[in-house]
Amino acid sequence: MKKNITSKRQFLIDRLGYLRTRANLSARELSLRLDKSIAYIAKFDNGDFSIPAEMLLEAIEICESTPEEFFWEDIAKYKEQKELLTAFDKLSDESKATIKNLIKNMK
């Protein structure tokens, strides 16, 4: 059980770090924008404590992201995959079936 919690915590740490880097924010800057001590995010990054959900959501927003993107399976491909899904959703049922069959037959 502890290993599972550790891996989930590491997932959150890694994802927030990815978004922070992409937004060009240091741990110090994000901490200050969250109105927390300078070391707040650095302590989270080190696994010293779990960040409350509300604070995580605020940090995601500060990093100019969304919870959907944060939890997307492959965050680096979020925009591309989201664009494809949005386009796919606009297709007729017949066109969707054609696309699905095409993808199934591709190897």
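Anything mentioned here points back to the structure above.
Residues numbered from 1 in each chain as written. Predicted model: local features only at pLDDT ≥ 70, side-chain atom pairs only at ≥ 80, totals over all residues. Heavy atoms only, no water.

Asks: How do you make sense of the overall build of the protein chain when you look at a structure like this?
Replies: Each helix and strand in the protein chain was counted, giving seven helices and zero strands. Walking the protein chain from its N terminus toward its C terminus, one meets helices and strands in the order α-α-α-α-α-α-α. For a compact globule of 107 residues, the expected C-alpha radius of gyration is about 13 Å, and the protein chain comes in at 18 Å, more than 25% above that figure. Taken along the three principal axes of its C-alpha coordinates, the protein chain extends 55 × 30 × 25 Å. Of all 107 residues assigned to the protein chain, the portion counted as buried reaches 26%. When contacts within the protein chain are restricted to residue pairs at least 6 apart in sequence, those whose partners lie at least 24 apart make up 51%. Of the roughly 7,900 Å² of accessible surface on the protein chain, 54% is carried by carbon and sulfur atoms. Across the protein chain, the mean location of the 19 positive side-chain charges is 5 Å away from that of the 18 negative side-chain charges. (Helix = DSSP H or I, 4+ residues; strand = E, 2+ residues; numbered from the N terminus. Rg over C-alpha atoms; globule rule 2.2 N^0.38 Å. Buried < 20%, exposed > 50% of the residue type's maximum accessible area, 1.4 Å probe, protein only. Contact = heavy atoms within 4.5 Å. Areas by Shrake-Rupley, 256 points an atom, 1.4 Å probe, with all protein chains shown as cover. Lys, Arg positive; Asp, Glu negative; His and termini not counted. Charge placed at Lys NZ, Arg CZ, Asp CG, Glu CD.)

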